[in-house]
Amino acid sequence: MALENQELRKAGLKVTLPRVKIYQILEKAGEGDHFSAEDIYKLLLEHNEDVGLATVYRVLTQFEAAGLVSRHHFEGGHSVFELTQDEQHDHIVCVKCGKVREFSDPALKKRQDQIAKELGFKITDRTLYLYGECADGCKNTK
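- The name that an unreviewed UniProt entry assigns to the chain is Ferric uptake regulation protein, with the source organism given as Amphritea pacifica.
- For the record of the chain, the UniProt heading Subcellular location (unreviewed entry) holds the text "Cytoplasm".
- As recorded by UniProt, the Subunit (unreviewed entry) comment attached to the chain reads in full: "Homodimer."

Structure below.
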């Protein structure tokens, strides 16, 4: 728990049990896992943690403002969150089941930089979401 406490303090946030528990859930997520506030709330309930849904939303908003998490608005209309990463990456999303995979492609980034330069821009931030269907024919329908 000491690492979570350090991260929260470094971000200027007071260490509280709900913040620590939510941070731990995000930290233990597998590569490419993205959670909605409702997902986090359900996981907290499964672990008998007494944290309300409104608190989960509030904490995630605080984490986003502090730079601890990134919020994504994938197709489907709900926000999902992941811990902020130093390394730039992109996302591909299944339009049938909502599965999200992360990828990083240096050649793609280089080409984007070239396009920006040709158009007289310097990229300060970028977001790329690709949408398609899972390679297995998407047996995981919503």
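### A look at the nonpolar core
- If you look at the biggest cluster of nonpolar residues, it comprises 20 residues, and the most contacted ones within it are Ile22, Leu26, Ile40, Leu44, Val56, Leu60 and Phe63.
- The element best represented in this core is helix α2 (residues 17–27), accounting for five residues.
- Other than its neighbours up to four places away in sequence, Phe63 contacts Leu8, Leu13, Arg19, Ile22, Tyr23, Leu26, Leu68 and Val69.

### Some words on the domain arrangement of the chain
- Each domain of the chain was delimited in the assignment, giving domain 1 (3–83) and domain 2 (90–132).
- Computed from C-alpha coordinates alone, the two centres of domain 1 and domain 2 are separated by 25 Å.
- Every contact between the two is made by eight residues of domain 1 and, on the other side, seven residues of domain 2.
- Across the interface of domain 1 and domain 2, roughly 670 Å² is buried in total on both sides, 55% from carbon and sulfur atoms.
- Summed over the shared surface of domain 1 and domain 2, the result is four residue pairs in polar contact (both at pLDDT 80 or more).

### Some remarks on helix α5 (residues 106–118)
- Taking 1.5 Å of rise per residue, the 13 residues of α5 would be expected to cover 18 Å, and the 18 Å separating its terminal C-alpha atoms lies within 8% of that figure.
- Capping the start of α5 is the job of one residue whose side-chain oxygen sits 2.9 Å from the backbone nitrogen of Ala107: Asp105.

### Digging into the packing of α2 against helix α3 (residues 37–46)
- Contact pair α2 / α3: the axes reach a minimum separation of 11 Å and the direction vectors enclose 105°. Here α2 lies roughly perpendicular to α3, going by the angle between them. Contacts between α2 and α3 involve Lys21, Ile22, Ile25 and Leu26 from the former and Ile40, Leu43 and Leu44 from the latter.
- Grouping the amino acids of the contact of α2 with α3 by side-chain chemistry returns six nonpolar, no polar and one charged.

### Section: the side chain of Glu102
- Residue position: Glu102 is located in strand β4 (residues 100–103).
- Lacking a salt bridge, the buried Glu102 has Arg101 as its closest oppositely charged neighbour, with an N-O distance of 8.5 Å.
- Separated by 3.3 Å, the side chains of Glu102 and His34 make a polar contact.
- At a separation of 3.3 Å, a polar atom in the side chain of Glu102 contacts the side chain of His89.

Calculation criteria
- Residues numbered from 1 in each chain as written.
- Predicted model: local features only at pLDDT ≥ 70, side-chain atom pairs only at ≥ 80, totals over all residues.
- Heavy atoms only, no water.
- UniProt positions renumbered as here; feature names shortened; annotations may be inferred.
- Core = buried A, V, L, I, M, F, W, Y, C linked by side-chain atoms within 4.5 Å.
- Buried < 20%, exposed > 50% of the residue type's maximum accessible area, 1.4 Å probe, protein only.
- Helix = DSSP H or I, 4+ residues; strand = E, 2+ residues; numbered from the N terminus.
- Contact = heavy atoms within 4.5 Å.
- Domains from an automatic or database assignment.
- Buried area = accessible area lost by both parts, 1.4 Å probe.
- Polar contact = N/O pair within 3.5 Å; in protein donor to acceptor, adjacent residues only side chain to side chain.
- Expected span 1.5 Å × (residues − 1).
- Axes fitted to C-alpha atoms, helices over the stretch in contact; angles between N-to-C directions.
- Parallel < 35°, antiparallel > 145°, perpendicular 65-115°, else oblique.
- Nonpolar A, V, L, I, M, F, W, Y, C, P; charged D, E, K, R; others polar.
- Lys, Arg positive; Asp, Glu negative; His and termini not counted.
- Salt bridge = Lys/Arg side-chain N within 4 Å of Asp/Glu carboxyl O.

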